[in-house]
Amino acid sequence: MNPSSALPLLRLAPRSLLDEITRDPAPPRGATILVAVSGGGDSVALLYLLAALSMGRGWRLAVATLDHGLRGEEGAADAGFVQELANRLELPVISD
C-alpha cells in the first residue's frame, strides 16, 4: 500500500476542509510535512487525508508517534499500530 490508497478518502472529505488544508499558507510543493499520529481516529484520518493530498501537491510526509509510557501496554499498542500504518503507507516514521 502507498499513499495512493488513501485517494478514496478525498471523495468523503468536505470540500471546505480540503480548501482549508490547501489554501495559502499551505506548505509549498515539495515540502516535507511531519504528521503527529497518536493512533486515535482523528490523527489517523488526518494522516490518510494528507497522504491523499500529498500526491497532487508533491508533499513528502513523515509520521511521528510517541509512547510516553504512561498508559502501559495500551500506549505501546497504539505506537505499534502507528508504526504499522506508516509502513503500509510507505512513509517514514519517527518514534521513541
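For the structure, see preceding data.
Reference entry: report on the structure contained in this document.

### A word on the overall build of the protein chain
Next, step 1: Within the protein chain, the secondary structure is distributed over 4 helices and 3 strands.
Next, step 2: Starting at the N terminus, the α and β elements of the protein chain follow one another as α-α-β-α-β-α-β.
Next, step 3: Within the span of the protein chain, comprising 96 residues, buried residues form 33% of the whole.
Next, step 4: Restricting to contacts in the protein chain with at least 6 residues of sequence separation, those with at least 24 account for 77%.
Next, step 5: Just so you have it, the protein chain exposes about 5800 Å², and 58% of that area is on carbon and sulfur atoms.

### Observations concerning the layout of surface pockets
Next, step 1: Size it by volume and the largest pocket reaches roughly 220 Å³.
Next, step 2: Contributing to the lining of the largest pocket are 13 residues, with S38, L66, D67, H68 and R71 lying nearest its centre.
Next, step 3: Class assignment of the residues belonging to the lining of the largest pocket gives a composition of 4 nonpolar, 6 polar and 3 charged.

### What to know about the environment of G30
Next, step 1: Within the element layout of this structure, G30 appears in the loop between α2 (15-22) and β1 (32-36).
Next, step 2: Measuring from C-alpha to C-alpha, the distance between G30 and S54 comes to 9.0 Å, with 24 residues separating the pair along the chain.
Next, step 3: Ignoring sequence-local partners within four residues, the contact set of G30 consists of R57, G58, W59 and R60.

### Some words on the environment of T65
Next, step 1: Positionally, T65 belongs in the loop between β2 (60-64) and α4 (72-88).
Next, step 2: Residue class for T65 comes out buried when judged on its relative accessible area of 8%.
Next, step 3: Spatially, the C-alpha atoms of T65 and S95 are 5.0 Å apart, while their sequence positions differ by 30 residues.
Next, step 4: Among the polar contacts listed, one links the side chain of T65 to the backbone oxygen of V37, at a separation of 3.0 Å.

### Brief notes about the nonpolar core
Next, step 1: One finds V35, V37, L47, W59, L61 and V63 to be the most contacted residues of the largest nonpolar core, which totals 22 residues.
Next, step 2: Elements with a contribution of two residues or more to this core: α2, β1, α3 (41-57), β2 and α4.
Next, step 3: The element contributing the most residues to this core is α3, with 6 residues.
Next, step 4: Those residues in contact with V35 that lie beyond four places of it in its chain are L46, L47, L50, L61, A62, V63 and A64.

Rules used throughout
Each chain carries its own residue numbering, running from 1 in the written order of its sequence. This being a predicted model, a pLDDT of at least 70 is required before a residue's local features are given, and a value of 80 or more before pairs of side-chain atoms are given or counted; all residues contribute to the totals for chains, interfaces and linings. The side-chain figures draw on all heavy atoms in the structure; neither hydrogens nor water molecules are used. Only runs of H or I of at least four residues qualify as helices and only runs of E of at least two qualify as strands under DSSP, and these elements are numbered from the N terminus. For the exposure calls, accessible area comes from a 1.4 Å probe over protein chains only, and a residue counts as buried if that area is under 20% of its type's maximum, exposed if over 50%, partly exposed in between. Every residue pair with non-hydrogen atoms within 4.5 Å of one another is taken to be in contact. Per-residue accessibility takes into account occlusion by the displayed protein chains alone, with areas from the Shrake-Rupley method and a 1.4 Å probe. A cavity, in this analysis, means grid points on a 1 Å lattice covering only the protein atoms where a 1.4 Å probe fits yet has no way out; a pocket is instead an open set bounded by protein on both sides within 12 Å along at least five of seven lines, and a residue lines either one if it has an atom within 4 Å of a point. Grid points are joined across faces, edges and corners, and a volume is the space filled by probe spheres set on the points. Each residue gets one of three labels, nonpolar for Ala, Val, Leu, Ile, Met, Phe, Trp, Tyr, Cys and Pro, charged for Asp, Glu, Lys and Arg, and polar for the others, Gly among them. Polar contacts, as used here, are pairs of N or O atoms within 3.5 Å; protein pairs need one atom able to donate a hydrogen and one able to accept it. Residues neighboring in sequence count only if both atoms are side-chain atoms. Think of a nonpolar core as a cluster: buried Ala, Val, Leu, Ile, Met, Phe, Trp, Tyr and Cys residues, connected wherever their side-chain atoms sit within 4.5 Å.

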